[in-house]
Structure formats: structure tokens, C-alpha cells
Amino acid sequence: MTGARARVRAELTREIADVARRHLASDGAAALSLRAVARELGMASSAVYRYFPSRDDLLTALIVDAYDALGDAAERADAGRDPDDLRGRWHATCGAVRGWALARPHEYALVYGSPVPGYAAPETTIRPASRVGEVLCAIVARGVATGAVDPALAEDTAVLHPGIAERMGLPPGSALAARAIFAWTALFGMLGFELFGHTHNVVDDHERFFTTAVDRLADQLGLPPAAARP
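Reading the values: the criteria
Residues numbered from 1 in each chain as written. Predicted model: local features only at pLDDT ≥ 70, side-chain atom pairs only at ≥ 80, totals over all residues. Heavy atoms only, no water. Salt bridge = Lys/Arg side-chain N within 4 Å of Asp/Glu carboxyl O. Helix = DSSP H or I, 4+ residues; strand = E, 2+ residues; numbered from the N terminus. Buried < 20%, exposed > 50% of the residue type's maximum accessible area, 1.4 Å probe, protein only. Disulfide = S-S within 2.5 Å.

Participant: Looking at this structure, how should I read the pattern of salt bridges?
Facilitator: A pair can form between side chains of opposite charge whenever their charged atoms are brought close. Enumeration over the complete set of coordinates arrives at 17 salt bridges. When the shortest N-O distance is used, the salt bridge between aspartate 68 and arginine 131 registers 2.8 Å. Linking aspartate 68 in helix α4 (residues 55-79) with arginine 131 in helix α8 (residues 131-146), this pair joins segments that are 63 residues apart in sequence. Under the relative-accessibility criterion, aspartate 68 is labelled partly exposed at 24%. Its relative accessible area of 11% is what places arginine 131 among the buried residues. Salt-bridge contacts for glutamate 107 lead to arginine 104; the nearest nitrogen and oxygen are separated by 2.9 Å. Among the charged side chains, a salt-bridge network with shared partners connects Asp68, Asp72, Glu75 and Arg131.

Participant: Explanation requested: the state of the cysteines in the structure shown.
Facilitator: One covalent bond between the sulfur atoms of two cysteine residues makes up a disulfide. On inspection of all chains with the given rule, the structure shows zero disulfides. Residue cysteine 94 stays outside any disulfide, its sulfur separated by 11 Å from that of cysteine 137, the closest cysteine. Accessibility expressed as a relative area gives 1% for cysteine 94, which makes it buried.

The following block contains the structure:
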């Protein structure tokens, strides 16, 4: 494929994905239709199928894009802090995740909401999906490596997949791995409750609630207090 043809294909691929994202917002992932996307673009549906052979291929592309956009936001926020400001990095990363979710709720729902009936995510989504978790684990691992976090502070309260602590950059068998996973799931649980309205008439100030909860998660991980917060 020539450079010009490749650029045209890349541009059309982006346009198809952009229209599909608008359909996610208006109709939901389960109702996503290649034919409807083609109609909006003024293209024959057969032409769209040359870019995305099926609805599931289009969904996969949107899921990977969403995970990567969220991962980019988390990584940028973390990179903007002093590497040894562990709690500041933790707050910055969690805050970036929440900011992205609030700005793009339909994409958040695509990757962290209800499964799409009949769709099974392929292995190509695994690496993008892990990016936020890797940033959070790297903060904890930095604390262990510098002596700021005690790897033995937590009791072993969960049965984890063999080798998961090492994959997270933590000492073998470290109970901190379980606490890090607790924190990761709690983060996205809080966001899901906020975005999907489960805390309506329960929480008055979601930003303050979120910041306080993130601080408590940092406490559980033994992250030292920060002099300043983002």
C-alpha cells in the first residue's frame, strides 16, 4: 500500500471509529451497527466492511482505543510528578482516571460497564486494559524499592494467581499485591457507581468523596504522606 493510500485508509478508519463512538453515546454498544455507521458517512456498507469486517471488529477497535486513551491519561498524570512523591503520584493517576471517565462516560461504559451481548473481547484487548493497573502497581513497587513502603505490612487476605506479585514488580508472595488489586478494583467500582448514578442522593460532593477514598486506599498500601497534592 502506497503512502497516500495508507493515509487515506487511516483517515477513513478514524472517521468510522469517530462516528461509531457517537453511536455509542446515542444508542449504546449493544445497538452498534456497521450499516448505521455507513449511512451516516454516506458510504456503502460493503465499503465499511473493508475496514472493519464485522461489528465485533469495530467494537474491539473502539475498546482498544478507549483503554489506550485512558492509559495515556494515567501515564501522563503519573509522569508529571516526582517519582518519589508516591502519594502525589497516586492521587494524580487516580484523578486522571476519574477525569477521563467523566469526560468520556460512554467509552468508560464500553470497557467497564455491562458486557455487550454476543461479544467476546479478544486477547488484543488485554495489554491496553492493563495500562492503568500497571501505573498504579509501579507506584507501589517504587515505594518498596526505595524502602518507603513496607512489603510485609499487609496480611495475605486474597488468593491470587501464581506469580502475580512478581508481575506487579513486588516481592514474591507479597501481600501488598492483594492490597494493590483491592485498590484497583475499588477505584473502578467508585467510578462506576458515580457514573451510573448509584450514588445519586447518597453523595453530595463526589470530587471530595473520591479524593478522600483515594487517600484511604493509599493509606492501606502504606504510601507515605505527601507534602502537596495535585
